[in-house]
Amino acid sequence: MMLTNPLSDLLASTDFAWRRAGVLWREGDPDDNPWGLRFMAMLHMANDSGLFRTRNELASAGWKLEGNRFLKDGQVMLPLFEAKMVHHFDHRFGDYADRPAGSLDTQLPDIPVERLADPNYRPLPRYWVERAEVDDRLDGRWELDPRHLRGAGTHGDPHPRRVPHPPPGAGVLRRPGPCLRHRPALRLALRQFTLVPVCPHWFTVTIVNTAYLNDANDFRWQSSTIRRWGVMDLVEFVDASYGPEVAKKLKRIRTGGDNNQKGGLYEDFFAVARICAIAAHEEQLDQFEISSQELAFVDDLCIRDNSQKLKTNYQAKNSFGSAADWTDEIEERFRLQSRIDEEYFKSSRSCQILLVSCEATAQTNQRKIPACLREHCRSEFFPYKESSISLILEHRDLRQDLESVCLSRQLDAVDSAFKIVLGIWRADQHPRTIQEVFAQARKNSKPDLFLGLTRQEFAVPEWLVKKCAEFDGIDIQLRGGRYMVSRNGYGVSLPPNAVPHQDVLDKISTLEEFFRFLMSLSIPDLIN
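Residues numbered from 1 in each chain as written. Predicted model: local features only at pLDDT ≥ 70, side-chain atom pairs only at ≥ 80, totals over all residues. Heavy atoms only, no water.

Help me understand the pattern of salt bridges in this model?
A side chain of one charge can pair with a side chain of the opposite charge when the charged atoms of the two come close. Following the criterion strictly, the structure yields 20 salt bridges and no others. The shortest N-O distance in the salt bridge between Lys 84 and Glu 82 comes to 3.3 Å. The residue Arg 516 makes a salt bridge to Glu 512 at a minimum N-O spacing of 3.2 Å. One end of the pair is Arg 516 and the other is Glu 512, both in helix H17 (residues 511-527) and 4 residues apart, which spans about a single turn. The exposure class of Glu 512 is exposed, given its relative accessible area of 53%. (Salt bridge = Lys/Arg side-chain N within 4 Å of Asp/Glu carboxyl O. Helix = DSSP H or I, 4+ residues; strand = E, 2+ residues; numbered from the N terminus. Buried < 20%, exposed > 50% of the residue type's maximum accessible area, 1.4 Å probe, protein only.)

Please clarify how empty space enclosed by the protein should be interpreted in this entry.
A water-sized probe rolled over the atoms picks out the places where empty space is left. Within the structure shown, the criterion is met by 2 cavities of 30 Å³ or more. Volume-wise, the second largest cavity comes out at about 60 Å³. Lining the second largest cavity are 13 residues, with Glu 267, Asp 268, Ala 271, Asp 300 and Leu 301 positioned closest to its centre. Only helix H8 (265-281) and strand S12 (310-317) provide two or more residues apiece to the lining of the second largest cavity. In terms of residue count, H8 provides more of the lining of the second largest cavity than any other element does, 4 residues in total. For the lining of the second largest cavity, a count of residues per class yields 7 nonpolar, 3 polar and 3 charged. (1 Å grid on protein atoms, 1.4 Å probe; cavity = no way out; pocket = protein on both sides within 12 Å on 5 of 7 lines; lining within 4 Å. Points joined across faces, edges and corners; volume = space filled by probe spheres on them. Nonpolar A, V, L, I, M, F, W, Y, C, P; charged D, E, K, R; others polar.)

Can you help me understand the sheet that holds strand S2 (residues 64-66) in this one?
Two modes of strand pairing occur in sheets, parallel and antiparallel, and in both the strands are linked by backbone hydrogen bonds. Taken together, the 4 strands give an open sheet; going across it, the order is S2-S3-S4-S5, and neighbouring strands pair in antiparallel fashion. Each having just a single partner strand, S2 and strand S5 (128-130) make up the two edges of the open sheet. Shown here is a sheet whose adjacent strand axes are inclined to one another by a mean of 30 degrees, direction ignored. Across the face of the sheet, helix H4 (residues 131-138) comes into contact with strand S3 (69-72), strand S4 (75-79) and S5 while running at roughly 75 degrees to S5. (Pairing = 2+ DSSP bridges. Axes fitted to C-alpha atoms, helices over the stretch in contact; angles between N-to-C directions. Contact = heavy atoms within 4.5 Å.)

What is the right way to look at the packing of H8 against helix H12 (residues 396-406) in this model?
Relative placement of two packed helices is described by the angle separating their axes and the distance separating the axes. Two numbers describe how H8 lies on H12: the axes approach to 8 Å, and their chain directions differ by 55 degrees. When the axes of H8 and H12 are compared, the pair comes out oblique. Viewed along their axes, H8 and H12 form a crossing whose handedness is left-handed. Contact with H8, carried on its side by Ala 273, Cys 276, Ala 277, Ala 279, Ala 280 and His 281, involves Leu 398, Asp 401, Leu 402, Ser 404 and Val 405 of H12 and no other residues of that element. Class assignment of the residues belonging to the contact of H8 with H12 gives a composition of 8 nonpolar, 2 polar and 1 charged. (Parallel < 35°, antiparallel > 145°, perpendicular 65-115°, else oblique. Left-handed = near helix turned anticlockwise from the far one by under 90°.)

What's the story with unusual backbone geometry in this structure? I'm lost.
Generally, phi is negative for residues other than glycine and the peptide bonds are trans, each holding for most cases. The omega angle of the peptide bond from Lys 446 to Pro 447 is 0 degrees, so this bond is cis rather than trans. Backbone geometry at Asp 73 places phi at a positive 50 degrees, although glycine is not the residue there. Here Asp 73 shows up in the loop between S3 and S4. Overall, the relative accessible area of 72% leaves Asp 73 in the exposed class. Positioned with a positive phi, Gln 293 is a non-glycine residue whose angle comes to about 55 degrees. Position of Gln 293 among the secondary structure elements: in the loop between strand S10 (288-291) and strand S11 (301-305). Among the residues examined, Gln 293 registers a relative accessible area of 11% and is labelled buried.

Where do I start with the nonpolar core in this structure?
Soluble globular proteins tend to bury their nonpolar side chains together. Among the nonpolar cores identified, the biggest contains 43 residues, and Phe 418, Phe 438 and Phe 450 are the most heavily contacted of them. Ranked by residues supplied to this core, first place goes to H8 with 11 residues. The contact partners of Phe 418, leaving out residues within four places of it in the chain, are Phe 269, Val 272, Ser 388, Leu 391, Ile 392, Leu 398 and Leu 402. Membership of the second largest hydrophobic core comes to 17 residues, among which are Cys 468, Ile 474, Ala 498 and Leu 505. (Core = buried A, V, L, I, M, F, W, Y, C linked by side-chain atoms within 4.5 Å.)

Can you walk me through the layout of surface pockets in this structure?
For the second largest pocket, the calculated volume is near 580 Å³. Taken together, 29 residues make up the lining of the second largest pocket; nearest its centre are Arg 274, Thr 312, Tyr 314, Ile 353 and Arg 378. Listed by contribution, the elements that provide at least two residues to the lining of the second largest pocket are H8, S11, S12, strand S13 (349-356), strand S14 (377-381) and H12. Top contributing element to the lining of the second largest pocket by residue count: H8, with 6 residues. Grouping the constituent residues of the lining of the second largest pocket by class yields 13 nonpolar, 6 polar and 10 charged.

Teacher, can you tell me more about helix H14 (residues 434-444) here?
Helical geometry: 3.6 residues make up each α-helical turn, so side chains three or four residues apart lie on a common side. Looking only at H14, the buried set comprises Ile 434, Val 437, Phe 438 and Ala 441. Projected down its long axis, H14 shows its buried positions confined to an angular sector of 85 degrees, all on one face. In this fold, the buried residues of H14 make contact with H8, S10, H12, helix H13 (411-427) and strand S15 (432-433). (Arc of directions from axis to C-beta.)

When you look at the sheet that holds S15 in this model, what are you seeing that I'm missing?
Across the sheet, 6 strands lie side by side as S14-S13-S12-S11-S10-S15; this open sheet has mixed pairing. Edge positions in the sheet fall to S14 and S15, since each of these pairs with one other strand and no more. Across 2 bridges, S10 lies against S15 in antiparallel orientation. Opposite Glu 289, over in S15, you have Thr 433 as the bridge partner. Running over the sheet, helix H9 (residues 328-343) touches S12, S13 and S14 and is turned about 150 degrees from S13.

Is there a simple way to think about the packing of aromatic side chains in this case?
We describe a pair of aromatic rings using the distance from one ring centre to the other and the angle between the two ring planes. Tallying each qualifying case throughout the model produces 15 aromatic pairs. Measuring from ring centre to ring centre gives 6.0 Å for Tyr 266 and Phe 382, while their planes differ by 55 degrees; the resulting arrangement is tilted. One end of the pair, Tyr 266, is in helix H8; the other, Phe 382, is in the loop between S14 and helix H11 (388-394), and 116 residues separate them in sequence. Of the two residues examined, Tyr 266 and Phe 382, each falls in the buried class. On the numbers, 5.9 Å between centres and 75 degrees between planes, the contact of Phe 514 with Phe 515 is edge-to-face. (Phe/Tyr/Trp six-rings, centres within 6.5 Å; stacked < 30°, edge-to-face > 60°.)

Which parts of the structure should I look at to understand the pairing of S13?
Note on strand geometry: in a regular strand, side chains alternate between the two faces of the sheet. Burial analysis of S13 places 7 of its 8 residues in the buried class, the great majority of the element. Taken together, the 8 bridges between S12 and S13 define a ladder with parallel strand orientation. Counted as the bridge partner of Lys 311 is Ser 350 from S13. For the crossover that starts at S12, traverses H9 and ends in the parallel S13, the hand is right-handed. Taken together, the 5 bridges between S13 and S14 define a ladder with parallel strand orientation. Note that in S14 the partner of Val 356 across the bridge is Phe 381. (Right-handed = clockwise from strand over helix to strand, strands pointing away.)

This is the structure in structure tokens:
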């Protein structure tokens, strides 16, 4: 292991290591990956968390713990090895059984030497995963697992270990079968790599280090976000499943999306329409996730219904010309996206939609789609308008959805609500739930225009009904979450929490006094 701290020593060791060791795998050159290396992610701690079971859950369900596996009726639940449980030449580096109850420490307690001296000792993990799920994902491909997570301030060599099969976790290094005879040499070669020169010593956050091995001589961060690593995982999956040319095409599509202005008016208006439709017709808004410009063959808009494992992707074409036509290229992209959704994202159902602004084109496209694809591919019409008010007036379904969300039929109220959601969507098109969108919308809306989301009945308070009954011609309506008291075209808007004292109401005897009093109840909202 090479320890370097001063910058001069770091630069010198970097130059020495690069000249001596060369590149293990230079990305972009098909002839410069002599080992045939590939990377894969077995289980994602967030995306696959639904597969994980705790010890208490399994014990309550009648599973029996033997060693570090749970058994029941011929089925096996395997231990989920996390990075903190494995270290160089040590597959028993951490044991969750030793972690104090309620502890949030990311480092597990040291295991006593006496326990490690017992060859039958097996540490317990935090979670277990069904063996059938693991075997299906491995499919005989797993071989080596570099130490894929590095804590802040640590460095050293990758020293691969054999971990008892199977250790579900991210960052597994795999190789194709033809290289079996090179396994000992590859393990020896990997031990010669020092990770210090590759990653600057001042980089102190926890990072995924499988990228170190990708191209040590041309290492550069393309993004500082964790989301980027998910992107690279998908490209690798496409490369392995459909070939390098398809992977290159996928990256070109993403590059085009990055370079173009994201979310044109047509796409943004449609996204808000879908957000409002889901809010108007669904109850569990936290189960619906929406995003734009993901790494995908169909990438303009993605909506996930996590409760049904349904993934819907949209490709939007705001054109009355041939650009909106169903073509062989669109068909190929839709086919590939359907397979990726099923094989990579594990969606139970997937739908690809070609969205066009010409109704006749949508009908023509639908007839062009092969019968075998119509179950999960279609073309839909959504009108293009240059203003939100024009869209709301023409699109009846959108207006009804907005009226349901707002509990109001006033055009100015639903248009204001549409614009608030539009602003939130344009500000951030990364994945988030519909519930999160409307939580921000309600925070930005003063007064709250989204009263329909509370699913509550708003009753006019009794004091207001009784007092209005003392005078002729007074009308009371609920508008935008406030009570509109009007007479002869003149109205006063009252906040729903206005509760005056009865003795004050008893002193009001004329219509003029009553409306002056109502105006006094509205003044706090006007100045605050």
